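A structural walkthrough
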Amino acid sequence: MERYLKQLPLELQGIILRAQEISGRLDYKAYLVGGFVRDLILGVPNFDVDIVVEGEGLKFAEELCKVLAGKLTRHRRFGTATVVTHDKLKIDLASARKETYSYPGALPVVSPGNIEDDLFRRDFTINAMAISISYADFGRFVDLFNGRDDLAHKRIRVLHDLSFMDDPTRILRAIRFEQRYGLKIEPHTYRLLTRALKCNALEKVDKQRIRDEVILALKEKEPIKYIRRINRLIGFSFINPGLKKLKRHSFLHLKAAEKEIAWFRNKFVRKRTLDAWLIYLMVILDKLNKREINLVCKRFAFRAGEAKRIICYKSIFKDIDKQLNKKNILPSRIYRLLEPLSYEVIILIKATTDKERVKKHIADFLNIYNGIRLYVTGEDLKNLGIEPSPYFKDILAKTLYAKIDYGLAGKEDELAFIRKFIKKNKRTLG
Ligand code: ATP
């Protein structure tokens, strides 16, 4: 395995050598494990280093953090820690441990163990390989379950028959790795998976763990592949009983969303990055009504900002679609309709509307109106003798709308508009 390690980028090799020094100093055996080893063998770049030590993981992490001058986050509840270097490389550290499950979907009971125990608690053979980085046997490959062979034959295999019952989130993980690397769930594992599904295993898991897995899947490079596979194998009733299987119509929307997301990312590299996963989720949930979507957001404990965007699409689509389809609509009206919405919601409306005019108005908003700014400021209004008040905001908004509609050219034009506006308003008020 030394050959593989020598092919790693130098900054990763440096981290491994530092970890080796610490393993020697503390007299702990240390191993690279999990996805890092899998990707090393596959030749897939992976900058998330995963290290397990036979000793105190937290102590090891503190020492490594010192020598790398990184940032340490301790996850005391799990006895693990993460070090992030200033180059943003991430190193997860943990003590080798044994895990037992009291019932399906429960959090495991954890006790100290050695590397063999630690590998045995893992999900699939391809994720259960380790490479020693200790001085005594640097590069020794630990592959108790023939993960390398499974990788070579493109197979996903669990380590034991109760694996999916112990932790049903592995059902979603299996599909994720299968789709990501073009693997196949091998027949026995597939049987165990379907058996677990028949026992409604996914319904027994903590909802937040399911949520995290779904988000990871929707963040994959080609999420629609994953959604299609889940749909065929399981359906989405594990999110809400009303969802069951997605139909062709949903896949058309997913495809359209994918296209619009690519368009947005290409065109607006400097705008806020899009949470594309949220858009895909909105399509998956679209069959539900507002109340049900609200309930899903609560049960799965989505963050407030995420829930707000998810619900917003359902609440406003019809109205915005109708308003934006009006003939001769003013650009400032388009601005006012779309400006309060998140980019995720706007992109999904653009993807799902069947009206070319709506698509065009949204593109105009993103291309032109959304970037228009005023030169005048509150200071300029004060200089015109206007006292700071809510009226201030109103004047600035009206000026912006005028600029969007009639293209006020520079600061002088804007000031001229404001003077006229104040005069007219005084007249109407007086
Ligand atoms: P990714 O490339 O998506 O990060 P990964 O394999 O590194 O993949 P992580 O979720 O970071 O995935 O987990 C790291 C390792 O921890 C996995 O490779 C696996 O060995 C183990 N693991 C993670 N989740 C589970 C689980 N639910 N059950 C058993 N082992 C798990």
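Everything quoted here is computed from the prediction, not taken from an experiment.

What to know about the packing of aromatic side chains
Going through the model one piece at a time under the given rule, you end up with 13 aromatic pairs. For the pair F417 and F421, a centre-to-centre distance of 6.1 Å together with 20 degrees between the ring planes defines the contact as stacked. Taken together, the positions of F417 and F421, both in helix α21 (residues 411-429) and 4 residues apart, correspond to about one turn of that helix. Given a relative accessible area of 14%, F421 falls into the buried group. Among the aromatic residues, those joined into a ring-pair cluster are F124, F164, F177 and Y181. In this structure, K350 packs its charged tip against the face of W263, placed 3.9 Å from the ring centre.

Some details on the domain arrangement of the protein chain
Partitioning the protein chain into domains gives domain 1 (2-147), domain 2 (154-235), domain 3 (236-368) and domain 4 (378-429). Each of domain 2 and domain 3 has a C-alpha centre, and these two points are 27 Å apart. Taken together, the 21 residues of domain 2 in the interface contact 18 residues of domain 3. For the pair domain 2 and domain 3, the summed buried area comes to about 1,900 Å², and 73% of that belongs to carbon and sulfur atoms. Three residues stand out in domain 2 for area buried against domain 3, namely K207, I224 and N231, and they jointly supply 29% of the buried area on that side. Applying the counting rule to domain 2 against domain 3 returns 5 residue pairs in polar contact (both at pLDDT 80 or more). Those elements that provide at least two residues to the side of domain 2 that touches domain 3 are α10 (207-218) and α11 (223-233). Of the residues in the side of domain 2 that touches domain 3, the class split is 12 nonpolar, 3 polar and 6 charged.

How each quantity is defined
- Residues numbered from 1 in each chain as written.
- Predicted model: local features only at pLDDT ≥ 70, side-chain atom pairs only at ≥ 80, totals over all residues.
- Heavy atoms only, no water.
- Phe/Tyr/Trp six-rings, centres within 6.5 Å; stacked < 30°, edge-to-face > 60°.
- Helix = DSSP H or I, 4+ residues; strand = E, 2+ residues; numbered from the N terminus.
- Buried < 20%, exposed > 50% of the residue type's maximum accessible area, 1.4 Å probe, protein only.
- Lys NZ or Arg CZ within 6 Å of the ring centre and 35° of its normal.
- Domains from an automatic or database assignment.
- Contact = heavy atoms within 4.5 Å.
- Buried area = accessible area lost by both parts, 1.4 Å probe.
- Polar contact = N/O pair within 3.5 Å; in protein donor to acceptor, adjacent residues only side chain to side chain.
- Nonpolar A, V, L, I, M, F, W, Y, C, P; charged D, E, K, R; others polar.

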